Every structure is written in structure tokens, then in C-alpha cells.
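Inside the fold
Spelled out, the chains give:
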Amino acid sequence: MSSVHLIKERSDVLRDFQVCFFAMSRLSSFPWTILEQELKHNRSSEMISDILKQTCLHALCRKHPPSVKYRRLFLSELIRRQEAAESEPLDELYDALGEVVGAAEDSECYKSYILPCGEAVSLLESVALISEGTTGLVTWEAALYLAEWALDNQQAFTGRTVLELGSGVGLTGITICRSCSPSTFLFSDCHSSVLQKLKDNVQLNGLTGQTSPTVCVEELDWSTATEERVREMKADVVIAADVVYDPDLIDSLVTLLSKILRCSSPEVLPKVLICSTIRNPDTYSCFKQKLVNAGISYDVISEPVSHVFPYNRVSAIEMIKLYI
């Protein structure tokens with residue numbers, strides 16, 4: 001095997017460790033087997049040191065660290081693998097563990113998603129899966145899938161006014177703002193704690209009303225949004241991810257989507273994309289049936305997306321384009 005191929009392979013492995021670490025992926029998803037093979041052939045601590053530099057000792061970890069518990073588990077596993085391979089001890093590894101062993105855990109932590117350009121979208125998320133009565137404080141799979149689709153289809157957003165329904169912590173929208181050059185991006189949600197976290201994350205990633213694109217974070221209650229409000233937003237692209245999970249919200253969502261599709265000027269019919277993780281097939285079928293009942297047609301977008309972010313791809317995810 002050529003030295004160039006080995007270097008490339010090594011850089012890919014280091015990137016995989018970095019991507020998984022900052023997104024707080026399950027430890028089982030890391031490329032441990034490749035690390036074990038490397039340590040078997042080379043007992044030096046160089047590879048471990050390089051992994052540390054790309055994770056716990058990286059500048060991003062100082063600025064926007066994953067949770068204390070996660071870093072502790074990651075470092076413990078790294079030490080276990082190193083000791084099992086009987087490779088050279090590495091002081092920095094034990095020093096890094098020492099930093100987090102006694103540290104207090106916060107209720108919030110940072111997850112960072114590495115973009116293809118190497119920059120990161122960092123999000124302050126809730127450690128608990130559901131907190132303060134809402135699921136909007138964490139990133140769900142469909143938001144990551146839609147962000148990947150956007151990266152593959154940047155032209156769909158370039159120069160457009162984009163409205164996102166149920167923005168949650170903001171992963172999809174921030175990715176589009178950073179990579180797809182929309183002219184205006186309207187983040188929206190209705191839960192007060194989600195809106196505050198959303199504003200914090202938008203600001204955290206350097207997006208303000210003074211930057212390009214123009215960015216707004218707005219409260220939008222699906223059940224009370226008027227046709228006038230819809231027209232005022234002048235959106236020519238509307239997106240939503242993981243908004244079809246509660247049967248009680250389906251009617252108000254479909255009503256809003258109907259207003260969006262029917263209130264727009266005929267020359268600017270908006271592109272409406274809904275991406276869903278299908279957790280409950282009955283709930284999702286109910287949503288699609290109510291779309292049909294409201295006179296809204298849909299096409300399933302089945303093209304594959306580039307794998308950019310680490311998440312559970314076993315989940316059934318479907319994206320549909322709506323039209324009338």
C-alpha cells in the first residue's frame with residue numbers, strides 16, 4: 001500500500017473520529033476497529049495523540065465542548081483501547097481525562113456538525129431528550145437528512161427567501177445559511193424556550209440581521225397564522241423537518257401549508273419540502289391523507305443524499321414536495 005494512500009486513509013479516520021466526537025455520536029459508531037489495527041502494527045502513541053488533537057484538545061472543544069459525561073466516556077474508551085494494545089502511555093490522554101472526571105455536568109451541551117468545507121455548525125442542545133414540555137430542544141434525524149439534501153441541492157436555496165417551520169435548535173436552517181446563499185432565511189417556532197434557544201444558536205453561528213443572508217427568528221403559531229401573515233413573509237421556499245410527530249398538530253399544520261400554497265402570488269409558487277422521520281406510520285399516513293383531503297398533492301423525493309453528518313440511518317426518513 002502506498003504511503004500516500006496510508007496518509008489519506010489515516011486522515012479519513014481522524015476526520016471520522018472528529019465528526020463523531022463533536023456530534024456526540026454513539027461510541028459504538030466510532031472507527032475503533034481501524035484504530036485497533038493501527039495500534040497492532042505500530043505500538044507508538046502517535047495515532048492516539050492525533051485523535052486527541054482532533055477531539056478533546058481541538059480548539060472547537062475548548063470553545064463549544066460536548067457534555068462532560070460524553071467526553072469522560074470517550075476518553076475512557078480511548079484509554080481502554082490503548083492499554084489493550086499495550087502501546088506507549090500518553091500523558092496528555094490521562095491529563096484530558098483528569099479534567100473531566102471531577103467536572104460538574106450541565107443540563108446543556110454543545111453538539112457541532114462539521115460541514116464539508118471543514119467549518120462547524122455548533123448548537124447548544126438540551127442533554128435530556130425531552131425537556132420543558134417540548135421535543136424542539138434537540139436535533140432529530142430528519143433535520144440532518146434535510147440539511148444533507150440542501151448541501152447536495154444548494155441551487156434550490158440560492159438567492160431565495162426561505163421559511164422554515166418548526167426550526168427547533170436550528171441545524172437545518174443554519175446549514176443552509178452557511179452553505180447555500182439564500183437572500184433571506186426565516187426561522188420559526190412557537191414554543192418560548194425553543195425560540196430562545198434558536199435565537200442563541202443563530203447568534204452563536206454568526207448569523208444576525210446585519211449579515212448576509214438576512215436572518216429573522218419569528219414566533220409562528222400554526223393554528224393562528226393568518227393569510228396576511230403568510231403573504232408578508234414572501235417565502236419562495238418553505239421547509240420543515242420532523243414536524244409530523246403529534247396527531248393533535250396535524251390539522252393546524254395542514255391548514256398552514258394550505259395557506260402557504262394558496263396565498264402566494266401565481267408567479268411565485270413556493271417550493272414546499274417536508275422531511276419526516278417516520279416513527280409512527282399511522283400518524284404519518286394520517287398527515288398525508290389530510291394533505292390529499294385539503295387538495296394538496298405530493299411527490300416523494302427519493303434521490304440519495306451525500307452522507308455528511310453522523311446519525312442513525314436505520315430510521316425511516318421520507319421527504320415530500322407539496323403542490324396544488
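This text follows the structure it describes.
Throughout what follows, the structure given in this document is the object of discussion. (Residues numbered from 1 in each chain as written. Predicted model: local features only at pLDDT ≥ 70, side-chain atom pairs only at ≥ 80, totals over all residues. Heavy atoms only, no water.)

**Quick word on the pairing of strand β4 (residues 184-189)**
Of all six residues in β4, six are buried; the element is thus mostly enclosed. Residue alternation in β4 divides its side chains into two sets, Thr184, Leu186 and Ser188 and Phe185, Phe187 and Asp189, and both sets are buried. Relative to β4, strand β3 (residues 161-165) runs parallel, the two sharing four bridges. Residue pairing across strands places Thr161 opposite Thr184, the latter belonging to β4. Judged from the six bridges that link them, β4 and strand β5 (residues 214-219) form a sheet pairing that is parallel. (Buried < 20%, exposed > 50% of the residue type's maximum accessible area, 1.4 Å probe, protein only. Helix = DSSP H or I, 4+ residues; strand = E, 2+ residues; numbered from the N terminus. Pairing = 2+ DSSP bridges.)

**Side note on the nonpolar core**
Counting 40 residues, the largest nonpolar core has Trp149, Phe157, Phe187, Ile239 and Phe309 as its most contacted members. Of all elements in the fold, only β2 (120-126), α7 (141-152), α8 (171-179), β4, α9 (192-204), β6 (237-241) and β7 (271-277) reach the threshold of two or more residues within this core. Tallying contributions element by element places α7 first for this core, with nine residues. What Trp149 contacts, discounting residues up to four positions off in sequence, is Ala156, Phe157, Leu273, Ile301, Glu303, Val305 and Met319. One finds Met24, Leu60, Leu90 and Leu93 within the second-largest nonpolar core, a separate group that totals 34 residues. (Core = buried A, V, L, I, M, F, W, Y, C linked by side-chain atoms within 4.5 Å. Contact = heavy atoms within 4.5 Å.)

**Description of the packing of helix α2 (residues 32-41) against helix α5 (residues 68-84)**
The packing of two helices is summarised by the inter-axis angle and the distance between the axes. Running from N to C, α2 and α5 cross one another at 35 degrees; their axes reach a closest spacing of 10 Å. The way α2 lies across α5 gives a crossing that is right-handed. For the pair formed by α2 and α5, the contact residues are Trp32, Leu35, Glu36 and Leu39 on the first element and Phe74, Glu77, Leu78, Arg81 and Gln82 on the second. The residue makeup of the contact of α2 with α5, split by class, is five nonpolar, one polar and three charged. (Axes fitted to C-alpha atoms, helices over the stretch in contact; angles between N-to-C directions. Left-handed = near helix turned anticlockwise from the far one by under 90°. Nonpolar A, V, L, I, M, F, W, Y, C, P; charged D, E, K, R; others polar.)

**Brief notes about the pairing of β6**
Among the five residues in β6, five count as buried, and that is most of the element. As judged from the four bridges shared by β3 and β6, these two strands associate in the parallel manner. Its bridge partner lying in β6, Leu165 is registered against Ala240. Pairing between β6 and β7: five bridges, direction parallel. Counterpart to Val238 in the pairing with β7 is Val272.

**Thoughts on the packing of α7 against α8**
At a minimum axis distance of 8 Å, the contact between α7 and α8 shows a crossing angle of 15 degrees. When the axes of α7 and α8 are compared, the pair comes out roughly parallel. Crossing geometry of α7 relative to α8 is assigned as right-handed. Where α7 abuts α8, its residues Ala143, Leu144, Leu146, Ala147, Ala150 and Leu151 lie against Leu171, Thr172, Thr175, Ile176 and Ser179. Counted by class, the contact of α7 with α8 contains eight nonpolar, three polar and no charged residues. (Parallel < 35°, antiparallel > 145°, perpendicular 65-115°, else oblique.)

**Quick notes on unusual backbone geometry**
Not every positive phi belongs to a glycine, and Ser181 is a case in point at roughly 55 degrees. Considering the arrangement of structural elements, one finds Ser181 in the loop between α8 and β4. The phi torsion at Asp242 lies on the positive side, around 55 degrees, for a residue other than glycine. Here Asp242 is to be found in the loop between β6 and α11 (250-263). Residue Asp242 is classed as buried on the basis of its relative accessible area of 10%.

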